[in-house]
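So you can see what is in the structure, the chains are spelled out below.
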Amino acid sequence: QVQLVESGGGLVQAGGSLKLSCAASARTFSSYDMAWFRQAPGKEREFVAAISWSGRSTYHVDSVKGRFTISRDNAKNTVYLQMNSLKPEDTAVYSCAAARGSNSPPRIQRAYDYWGQGAQVTVSS
């Protein structure tokens with residue numbers, strides 16, 4: 001069982017930055033691929049970014065490339081999402097998720113076994 005707790009959400013003006021953190025309880029955190037998903041009001045949850053268990057492979061959805069960066073610190077059992085140049089359309093609940101490690105971190109929700117409660121990110125115009 002893996003427990004995930006997000007932090008770092010909040011209200012920011014367009015063009016600003018936030019850094020989300022996701023702390024994991026698993027002693028084997030370094031064996032899990034990790035990802036961030038988001039769900040905006042009235043919309044389906046969508047993939048944002050993923051990182052392999054080793055940190056060597058990362059993926060970002062096109063809409064956030066060049067603005068968001070996923071990273072991890074296995075010594076701290078934590079995955080991060082640095083969000084720069086935020087836009088009002090980035091407003092959503094952001095959730096981290098964990099999946100058993102593979103050669104390529106998955107980008108689909110059903111591949112992930114564990115989920116955090118989510119952190120609200122609101123970007124004002």
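This structure is a prediction, so every number in the text was calculated from the model and none was measured.

Calculation notes
Residues numbered from 1 in each chain as written. Predicted model: local features only at pLDDT ≥ 70, side-chain atom pairs only at ≥ 80, totals over all residues. Heavy atoms only, no water. Disulfide = S-S within 2.5 Å. Helix = DSSP H or I, 4+ residues; strand = E, 2+ residues; numbered from the N terminus. Pairing = 2+ DSSP bridges. Axes fitted to C-alpha atoms, helices over the stretch in contact; angles between N-to-C directions.

## Some details on the state of the cysteines
Throughout the structure, instances matching the rule amount to one disulfide. Cys22 shares a disulfide with Cys96; S-S distance 2.0 Å. Here Cys22 and Cys96 share a disulfide; its torsion about the S-S bond, 55°, makes the bridge right-handed. Taken together, the positions of Cys22 in strand β3 (residues 18-24) and Cys96 in strand β9 (residues 92-100) put the pair 74 residues apart, joining distant regions of the chain.

## Some details on the sheet that holds β3
Think of a sheet as strands paired side by side through backbone hydrogen bonds, with each pair either parallel or antiparallel. Within the open sheet, the four strands sit side by side as β1-β3-β8-β7. Their pairing is antiparallel. Of all the strands in the sheet, just β1 (4-7) and β7 (68-73) have a single pairing partner and so form its edges. Direction aside, the axes of adjacent strands within the sheet are offset by 15° on average. Bridge analysis of β3 against strand β8 (residues 78-83) gives six bridges, and the strand direction is antiparallel. Looking at β8, one finds that Leu20 is bridged to Leu81.

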